[in-house]
Amino acid sequence: MAVPLLDLKAQHASLAEELRETFARVLESGRFVLGGEVERFEAAMAEWLGVPATLGVSSGTDALIVALMAAGVGPGDEVIVPSFTFFATAGSVSRVGATPVFADVCPHCFTLNPEEVARMVTPRTKALIPVHLFGQTAPLEALFRIAQENGLIVIEDAAQSLGARYGDQPNGTLGDFGAYSFFPTKNLGALGDGGLLVARDPAMQERIRFLRNHGDTSRYRHDYVGGNFRLDALQAALLEVKCPHLDGWIEKRQAVAARYRALLQELPGVVTGCPGDCACQCQPQTGPEGRLVLPATALHGTHTWNQFTLRLPFPGERDALRNWLNERQIGNQVYYPVALNEQPCFAPLGQAGSTPVAQRLTGEVLSLPMFPELTPAQQDEVVEAIRDWLQA
Ligand SMILES: *Cc1c(COP(=O)(O)O)cnc(C)c1O
């Protein structure tokens, strides 16, 4: 039985009627950009996140760009980002004319290593973008301490971790800014592109409202140069249909992850967690280094499992398992195959080779099928394929 990496049809089937009705309502309204639909969705998200206000924007990437613009980050400024993340985290920094500075990550939980961040701070550093990668909260306390000591703005990239918490605080609400994405593969997916931005300072929140619409402060008066970073009414309305299900979907992701862990850790050569010696306080490892390492979960926060990502530390084994799964039509993906400081477009920055852990991870990681509707039968198929490979 083939198992997809992600099945959006399963989610949309149960909501199809409501989604169609919503589409008809927006079509009838004749209002397609911002407006009441977007305002209602923003209010729903504010309530869900426990913040005074949120602002819908055109994508997660644009949320990052607008946050950087609002914070006044530009040419001559450095922004510290992890080298192991989706491209947009660093691309947005370049887009505003600033310089991304790549810091290395924890080899166990994949998020920023605070010691490496501290090492990258210079007098030109203006901001820090922690990424809650794969849905796992970054070690915020240590990162906030570095930010405070050096006067850095913190923009949380919560594109993959909507719903995760640090202590009891939702990801994206503790930094100066929190950026979320509604790309269809994220925890809450639009039927197209969309994003959300949260700012802690109400004055910043207001500036963002202008920046997302060309800096238009009152009709055709522009106090800032902004851009077109607006959210569509249709996407907001469709997202609002999905909102009430978000908690349940996250719980299902967590149940899928727990079941993967329970089944996989019984297999020979599989270990879990980390040696417990890293700054992010991952869970202690239960055995010696194995052929297949289950994802560590940090103790400081919750994990929303946007991805369930294994590590295969022995040379060639990641690609061997990948081929094995492909032959059996078991969905899998390498997030991410290239460290960002190794990307051709960043070669002029001269930072290639500066993050050995991230570089090693690009050769070791493999993400398995993960979505709320993944059935036990599908999951068993994935686990059996992995068991057969370990025993082959
Ligand atoms: C998806 C993603 C983004 C960008 O979001 P888009 O909505 O696709 O623009 C940024 N950062 C991370 C970590 C992401 O996973």
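All of these numbers come straight from a predicted model, not from anything done at the bench.

1. Overview of the pattern of salt bridges
Evaluated as defined, the whole model comprises 16 salt bridges. The shortest N-O distance in the salt bridge between Asp388 and Arg387 comes to 3.5 Å. For Arg387, a relative accessible area of 34% puts it in the partly exposed group. Each of the salt bridges in this network shares a partner with another, and the network as a whole consists of Arg25, Glu37, Arg40 and Glu240.

2. A few points about the site of the ligand
The local shell around the ligand holds 15 residues, among which Thr61, Asp157, Gln160, Ser181 and Lys186 are the closest. In this structure, Gln160 approaches the ligand through a side-chain N or O atom, which is 2.7 Å from an oxygen atom. One nitrogen or oxygen atom from the side chain of Lys186 is found 3.0 Å from an oxygen atom belonging to the ligand. Computed on the free molecule, the ligand has an accessible area of 380 Å², of which 94% lies beneath the protein chains in the complex.

3. What to know about the pairing of strand E8 (residues 177–181)
Taking burial as the measure, the five residues of E8 include five buried ones, the bulk of the element. In E8, alternate side chains face the same way, and those of Phe177, Ala179 and Ser181 on one face and Gly178 and Tyr180 on the other are all buried. Sheet topology places strand E5 (residues 153–157) next to E8; three bridges connect them, and they run parallel. When the bridges of E8 are listed, Asp157 appears paired with Ala179.

4. Regarding the nonpolar core
Judged by nonpolar contacts, the single largest core of 41 residues is most densely connected at Phe84, Leu264 and Ile386. Listed by contribution, the elements that provide at least two residues to this core are helix H9 (246–264), strand E13 (292–294), strand E14 (308–311), helix H10 (317–327), helix H11 (356–362), strand E15 (365–368) and helix H12 (376–391). Among the elements that line this core, the one with the most residues is H12, at six residues. With 32 residues, the next largest nonpolar core counts Leu68, Ala98, Phe102 and Ala199 among its residues.

5. Observations concerning the packing of H9 against H12
Contact pair H9 / H12: the axes reach a minimum separation of 11 Å and the direction vectors enclose 35°. Between H9 and H12 lies a crossing of right-handed hand. Residues Val256, Arg259, Tyr260, Leu263 and Leu264 of H9 lie in contact with H12, whose contacting residues are Pro376, Gln379, Asp380, Val382, Val383 and Ile386.

6. Some details on the packing of helix H2 (residues 36–49) against helix H8 (residues 233–242)
Where H2 meets H8, the axes come as close as 8 Å, and the angle between the chain directions of the two elements is 40°. For the element pair H2 / H8, the angle class is oblique. Crossing geometry of H2 relative to H8 is assigned as left-handed. Residue-level contacts link Glu37, Val38, Arg40 and Phe41 of H2 to Ala233, Ala236, Ala237, Leu239 and Glu240 of H8. Residue classes in the contact of H2 with H8 are distributed as six nonpolar, no polar and three charged.

7. Describing the sheet that holds strand E9 (residues 195–199)
The mixed open sheet is built from seven strands, whose spatial order is E1-E9-E8-E5-E4-E2-E3. With partners counted over all chains shown, the strands left at the sheet margins are strand E1 (55–57) and strand E3 (99–103), one partner each. Sheet twist, expressed as the average angle between the axes of neighbouring strands with direction ignored, equals 30°. Across three bridges, the pairing between strand E2 (residues 78–82) and strand E4 (residues 125–128) is parallel. Along E4, the bridge assignment pairs Val79 with Ala127. The sheet strands contacting helix H7 (residues 202–211) are E1, E8 and E9, and the helix crosses E9 at an angle near 150°.

8. Remarks on the packing of aromatic side chains
Inspection of the entire model under this criterion finds 13 aromatic pairs. Centroid distance Phe210 to Tyr224: 6.3 Å. Interplanar angle 25°. Geometry classified as stacked. A residue pair is termed long-range when its members are at least 10 positions apart, and Phe210 in helix H7 and Tyr224 in the loop between strand E11 (221–222) and H8 qualify at 14 residues. On the accessibility criterion, Tyr224 (30% relative accessible area) is partly exposed. A cation over a ring is seen here: Arg291 above Trp389, with NZ or CZ 4.7 Å from the ring centre. Taking NZ or CZ as reference, Arg328 lies 3.5 Å from the ring centre of Trp324, over its face.

Reading the values: the criteria
- Residues numbered from 1 in each chain as written.
- Predicted model: local features only at pLDDT ≥ 70, side-chain atom pairs only at ≥ 80, totals over all residues.
- Heavy atoms only, no water.
- Salt bridge = Lys/Arg side-chain N within 4 Å of Asp/Glu carboxyl O.
- Buried < 20%, exposed > 50% of the residue type's maximum accessible area, 1.4 Å probe, protein only.
- Near = heavy atom within 4 Å.
- Polar contact = N/O pair within 3.5 Å; in protein donor to acceptor, adjacent residues only side chain to side chain.
- Areas by Shrake-Rupley, 256 points an atom, 1.4 Å probe, with all protein chains shown as cover.
- Helix = DSSP H or I, 4+ residues; strand = E, 2+ residues; numbered from the N terminus.
- Pairing = 2+ DSSP bridges.
- Core = buried A, V, L, I, M, F, W, Y, C linked by side-chain atoms within 4.5 Å.
- Axes fitted to C-alpha atoms, helices over the stretch in contact; angles between N-to-C directions.
- Left-handed = near helix turned anticlockwise from the far one by under 90°.
- Contact = heavy atoms within 4.5 Å.
- Parallel < 35°, antiparallel > 145°, perpendicular 65-115°, else oblique.
- Nonpolar A, V, L, I, M, F, W, Y, C, P; charged D, E, K, R; others polar.
- Phe/Tyr/Trp six-rings, centres within 6.5 Å; stacked < 30°, edge-to-face > 60°.
- Lys NZ or Arg CZ within 6 Å of the ring centre and 35° of its normal.

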